[in-house]
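What follows is each chain in one-letter form.
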Amino acid sequence: MPFSEDDLPALVALHADPEVNRFLASGPVALQPGDVRDRLDRYLEDNRRHKISGWKLETLDGVLVGRAGFSKLKDPEGYELGYVLQRNAWGAGYATEIACALVAWFFEETAEPQLFATAEEAHDASIRVLQKAGLHLWQDREIDGVACRIFRVTRRQFLTEANASLSRAGEPGSRL
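Residues numbered from 1 in each chain as written. Predicted model: local features only at pLDDT ≥ 70, side-chain atom pairs only at ≥ 80, totals over all residues. Heavy atoms only, no water.

Visitor: Looking at this structure, how should I read the environment of leucine 31?
Guide: Structurally, leucine 31 is set in the loop between α1 (8-14) and α2 (33-50). Taking relative accessible area as the criterion, leucine 31 reaches 10% and is therefore assigned buried. Note: C-alpha distance between leucine 31 and alanine 117 (86 residues apart in sequence) is 22 Å. (Helix = DSSP H or I, 4+ residues; strand = E, 2+ residues; numbered from the N terminus. Buried < 20%, exposed > 50% of the residue type's maximum accessible area, 1.4 Å probe, protein only.)

This is how it looks when you write it as structure tokens:
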């Protein structure tokens, strides 16, 4: 769901936890409210102009548990999948669920040829999420002095893997 101006306090609270920001470019520090404001403005503008942005993740009763979505990259050129969850939502499967859903949405709703995601080399949990979502290691790269792994899935890979999953679902003994 897209963010609105009313989401600023919840977004500030999300990024007030240094551990939540640990693997973001800012590192393990609380983000300043002004920086979060800039981030929200970017989400609002990207969503207004392009209908693709960072979106809020809420529980069924409307409580913000994180954010996820896409940002435009220049190097490599394309869109990057990203997600951030509150600590109390870690380990519950939300990251995998949202990453899988966003990869599918991306290829169903855009004409983009590929999707990227970046994880710090030391962030094993995020690497596993990206792999479960169908992204494949593309290259290792140092970004701002940090060893990172860049993952990618092409439209062709996504469609091939989606078709293979549908075929397996129809096999005897499979659960639909």
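Visitor: I keep staring at the pattern of salt bridges and nothing clicks. Help me out?
Guide: Close approach of charged atoms allows side chains of opposite charge to pair. Scanning the entire structure with this criterion turns up 10 salt bridges. For glutamate 19, the salt bridge goes to arginine 22, with nearest N and O atoms at 3.6 Å. Here arginine 22 falls in the partly exposed class, since its relative accessible area comes to 41%. Note that aspartate 75 and arginine 141 form a salt bridge whose closest N and O atoms lie 3.5 Å from each other. Placement of aspartate 75 in the loop between β2 (64-74) and β3 (77-85) and of arginine 141 in strand β5 (residues 136-143) is noted, with a sequence separation of 66 residues between them. (Salt bridge = Lys/Arg side-chain N within 4 Å of Asp/Glu carboxyl O.)

Visitor: Would you mind going over the side chain of lysine 56 with me for this structure?
Guide: Tracing the backbone shows lysine 56 in strand β1 (residues 54-58). Residue class for lysine 56 comes out buried when judged on its relative accessible area of 10%. Among the polar contacts listed, one links the side chain of lysine 56 to the side chain of aspartate 7, at a separation of 3.0 Å. Excluding residues within four positions of it along the chain, lysine 56 makes contact with Met1, Pro2, Phe3, Asp7, Leu64, Gly66 and Arg67. (Polar contact = N/O pair within 3.5 Å; in protein donor to acceptor, adjacent residues only side chain to side chain. Contact = heavy atoms within 4.5 Å.)

Visitor: Can you help me understand α2 in this one?
Guide: Relative to the 26 Å expected for 18 residues at 1.5 Å per residue, α2 spans 25 Å between its end C-alpha atoms, a close match to the ideal helical length. Here α2 has its buried residues at Val36, Arg39, Leu40, Tyr43 and Asn47. The buried residues of α2 occupy an angular sector of 100 degrees when projected down its axis, which confines them to one face. In this structure, α2 carries Arg48 and Arg49 as exposed residues pointing more than 90 degrees from its buried face. Against α1, β1 and β2 lie the buried residues of α2. Two residues or fewer after α2 comes lysine 51, characterised by a positive phi angle close to 60 degrees. (Expected span 1.5 Å × (residues − 1). Arc of directions from axis to C-beta.)

Visitor: Explanation requested: the packing of aromatic side chains in the structure shown.
Guide: The description of two aromatic rings rests on the distance between their centres and on the angle between their planes. On inspection of all chains with the given rule, the structure shows nine aromatic pairs. Between phenylalanine 70 and phenylalanine 106, the aromatic rings sit 5.2 Å apart at their centres with planes inclined by 40 degrees, giving tilted as the arrangement. Here the residue phenylalanine 70 occupies a position in strand β2, and phenylalanine 106 occupies one in helix α3 (residues 94-109), the gap between them amounting to 36 residues. Residue phenylalanine 70 is classed as buried on the basis of its relative accessible area, which comes to 4%. Classification of phenylalanine 106 by relative accessible area gives buried; the value is 0%. (Phe/Tyr/Trp six-rings, centres within 6.5 Å; stacked < 30°, edge-to-face > 60°.)

Visitor: I keep staring at the pairing of β2 and nothing clicks. Help me out?
Guide: In regular strands, side chains alternate between the two faces of the sheet. Burial analysis of β2 places eight of its 11 residues in the buried class, the great majority of the element. Pairing between β1 and β2: five bridges, direction antiparallel. In the strand pairing of β2, glycine 54 is matched with glycine 69. From the end of β1 to the start of β2, which pair antiparallel, there are five residues, and glycine 62 there has a positive phi angle of about 85 degrees. (Pairing = 2+ DSSP bridges.)

Visitor: Looking at this structure, how should I read α3?
Guide: Note on helix geometry: an α-helix contains 3.6 residues per turn, so any two residues three or four positions apart are oriented the same way. Across its 16 residues, α3 extends 22 Å between first and last C-alpha, which sits within 8% of the 22 Å expected from 1.5 Å per residue. Buried within α3 are the following residues: Ala95, Ile98, Ala99, Leu102, Val103, Ala104, Phe106 and Phe107.

Visitor: Sorry if this is basic, but what is going on with unusual backbone geometry here?
Guide: Note: most peptide bonds trans; most residues except glycine with negative phi. The amide bond that connects aspartate 75 to the next residue, proline 76, takes the cis arrangement and shows omega of 5 degrees. Looking at where proline 76 falls in the secondary structure, it is placed in the loop between β2 and β3. One non-glycine residue with positive phi stands out, namely lysine 51, at about 60 degrees. With respect to the helices and strands, lysine 51 occurs in the loop between α2 and β1. Judged by relative accessible area, lysine 51 falls into the exposed class, the value being 55%. Positive phi, close to 50 degrees, is recorded for aspartate 144, a residue that is not glycine. For aspartate 144, the position within the fold is in the loop between β5 and β6 (146-154). Judged by relative accessible area, which is 73%, aspartate 144 ranks as exposed.

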